[in-house]
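Descriptive structure summary
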2 protein chains.
Amino acid sequence: MISRQQLIEQIKQKKSFLCVGLDTDIEKIPEFLKEYADPVFEFNKRIIDATRDLCVSYKPNAAFYESRGVKGLQSLIDTWKYLPADCLNIIDAKRGDIGNTSDMYAKAFLDEKAAGMSFDAITVSPYMGHDTVTSYLAYPGKWVILLALTSSAGSKDFQYLTTDHGFLYEAVIQKANTWAGADRIMYVVGATKSTEFVNIRKLAPDNFLLVPGVGAQGGSLPDVCRYGMNKDCGLMINASRSIIYASNGRDFAEAARTEAQSMQKQMQAELEKAGVI
Amino acid sequence: MISRQQLIEQIKQKKSFLCVGLDTDIEKIPEFLKEYADPVFEFNKRIIDATRDLCVSYKPNAAFYESRGVKGLQSLIDTWKYLPADCLNIIDAKRGDIGNTSDMYAKAFLDEKAAGMSFDAITVSPYMGHDTVTSYLAYPGKWVILLALTSSAGSKDFQYLTTDHGFLYEAVIQKANTWAGADRIMYVVGATKSTEFVNIRKLAPDNFLLVPGVGAQGGSLPDVCRYGMNKDCGLMINASRSIIYASNGRDFAEAARTEAQSMQKQMQAELEKAGVI
């Protein structure tokens, strides 16, 4: 379990606010790993070993594991067990359902006794409203990371609809702020919309923002920091493909480390510039 | 695989538009089933045997299986294998993510070779827009059942926000209608809002609507039919707890049948009243 204060301390100590996304696709990992009993876990283990001092969070994407059925779920469980306790461990599941069903998703991902895993945080979709979120908040100290403004083309379909409370993504943030504070809720905000961070910081000055879209999707780290960083940093930048698939040879873990190190250095410069460290 | 026309034929033949929700909670099933190797599958099997001539669809709720980890996923796979081919088999997963992740969720639930299951239809959350939906539509003949207006209290938080295109749930329907026709997309519309069906039928005259909230949540079947039925029926009414937990003794399957039969009789009367049969 990682509190807001512990996360901030990790960021200052590691001089990094990197989240490594474990979107591990068995078809994209190096061929030589296929000899192992569980190639996906073996890949994740080596990525974790190579990057744990450079990042403050890991985020396995549930879909990539579910796509392989029972074997994939076992890879996810084994990966969760291997995640370092000093990192914020996020399951990227984007679940969203009514209360009695959210209770079950909470068991699936936050309750080790029930399903073998107990992540620190889960990504959640807001469409069905507060029922969707309260089940997870009932677990003391666990985090909900709510979708606000996402980074893909489809984000324009609904998130930018104008409502009585501003854009839909702004209405989501305003409402969710009434459910819990910055010590329990973070928001997903895509890096491809860096000027929107100005708006978002007005609505959520203290919340951590989980930011996908730097790297493979083309978002700019300096722009995100310029508009989105607060006095505690307040950002976690996710990078998945750009790190984990930096090479697909036997050197994949070292290549991942080199890429993570390059991001960490940029992050350190941003933290210094903003006076966080 | 069940086409729109085949679904309509099933409805006319069985004189029913019932969907049985398999929200199977191991803590709520009869004690004597605990002796079996897989009590959840044993429960589902007997529920299916007792109701298959009375319903046109089954809908396992993924959360209830995921909450039990690997064992739960195996129960879901075995349940999928046992589902009757003449019924529309829906996985209630409410997934929603960007394209490359949705591709993985599609493998998880629609591609037997990848993950052991190939449902006819999957429920999807619209928040992230068209990326969320296209991955599933790429599987020929498979259905997307998109959340529009849900039945719990949280639906008021965002679905009723006024946008440039009406309420958010109306904007969702209008936009999704541009992605695929009534032969590939259905909408989830909660029974607790029966007068809203008038609005919804203006936007989606031909789409099937999957309707939760009759039964345990208090929605009225005659009201839903009055406002929501179209010339092909166009409705599937989901009932979960009211059927599967009708008794928690040794007679649970017969009790489930009695309850399903009572709903089927009411549905037959509605189909006759509307001239569908």
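For the structure itself, look to the data block above.
Note that residues are indexed from 1 along each chain, following the sequence as it is written. Just so you know, chain letters begin at A and ligand numbers begin at 1, following the order they were written in. Per-residue local features are limited, in this predicted model, to residues with pLDDT of at least 70; the limit for side-chain atom pairs, both in listing and counting, is 80 or more; totals at the level of whole chains, interfaces and linings are taken over all residues.

This brings us to the pairing of strand E1 (residues 18-22) of chain B. Residue and element names in this part refer to chain B. Buried, partly exposed and exposed are defined by the number of other C-beta atoms within 10 Å of a residue's own C-beta, namely 20 or more, between the two limits, and 12 or fewer respectively, with C-beta atoms placed from the backbone. Numbering of helices and strands runs from the N terminus, with a helix taken as a DSSP run of H or I at least four residues long and a strand as a DSSP run of E at least two residues long. The buried count for E1 comes to five of five residues, which makes it a mostly enclosed element. With burial as the criterion, each face of E1 is covered, one bearing Leu18, Val20 and Leu22 and the other bearing Cys19 and Gly21. Pairing between strands is defined by DSSP: at least two bridges between them are needed. Direction of pairing for E1 relative to strand E10 (residues 235-239): parallel, over a ladder of three bridges. By the bridge assignment for E10, Leu18 is matched with Ile237. Where E1 meets strand E2 (residues 57-60), four bridges bridge the pair, whose relative direction is parallel. Among the inter-strand pairings, Val20 is bridged to a residue of E2, identified as Tyr58. Classification remark: right-handed applies to a crossover when, strands pointing away from the viewer, the course from the first strand over the helix to the second runs clockwise. Handedness of the crossover joining E1 and E2 through helix H2 (residues 39-51): right-handed.

The next thing to look at is the sheet that holds strand E10 (residues 235-239) of chain A. The strands that make up a sheet pair up through hydrogen bonds in the backbone, lying either parallel or antiparallel. Residue and element names in this part refer to chain A. Spatial strand order, E1-E2-E3-E4-E5-E8-E9-E10: eight strands in a closed barrel with parallel pairing. Looking at each pair of strands side by side, their axes are set apart by 30° on average, direction ignored. Examined bridge by bridge, strand E3 (residues 88-95) and strand E4 (residues 121-124) share three bridges and lie parallel to one another. For Ile90, the partnering residue across the bridge sits in E4 and is Ala121. Across the sheet, helix H9 (residues 168-177) touches strand E5 (143-149) and strand E8 (185-189), and the angle it forms with E5 is around 155°. Angles here are taken between N-to-C directions and fall from 0 to 180 degrees, while the axes themselves are lines fitted to C-alpha atoms, restricted in helices to the stretch in contact. For the purpose of contact definition, each residue receives a C-beta atom placed from its backbone, and two residues are in contact when these atoms lie within 7 Å.

Below, the discussion takes up helix H5 (residues 99-110) of chain A. Side chains three or four residues apart in an α-helix point the same way, a direct result of the helix having 3.6 residues per turn. Here a helix's expected span is defined as the number of its residues, less one, multiplied by 1.5 Å. Under the 1.5 Å per step criterion, the end-to-end length of H5(A) is 15 Å for 12 residues, consistent within 8% with the ideal 16 Å. Counting buried positions along H5(A) yields 10 of 12 residues, so the element is predominantly enclosed. If you check which residues of H5(A) are buried, you get A:Thr101, A:Ser102, A:Asp103, A:Met104, A:Tyr105, A:Ala106, A:Lys107, A:Ala108, A:Phe109 and A:Leu110. Buried residues along H5(A) sit against E3, helix H6 (112-115), E4 and helix H7 (131-137) of chain A together with helix H3 (62-66) of chain B.

A negative phi angle characterises most non-glycine residues, just as the trans form characterises most peptide bonds. Residues and elements named next belong to chain A. Even without a glycine there, the phi angle at Lys94 is positive, about 45°. Following the sequence through the fold, Lys94 ends up in strand E3. Of note, the phi angle at Cys233 is positive, near 90°, even though the residue is not glycine. Mapped onto the elements, Cys233 comes out in the loop between helix H11 (221-228) and E10.

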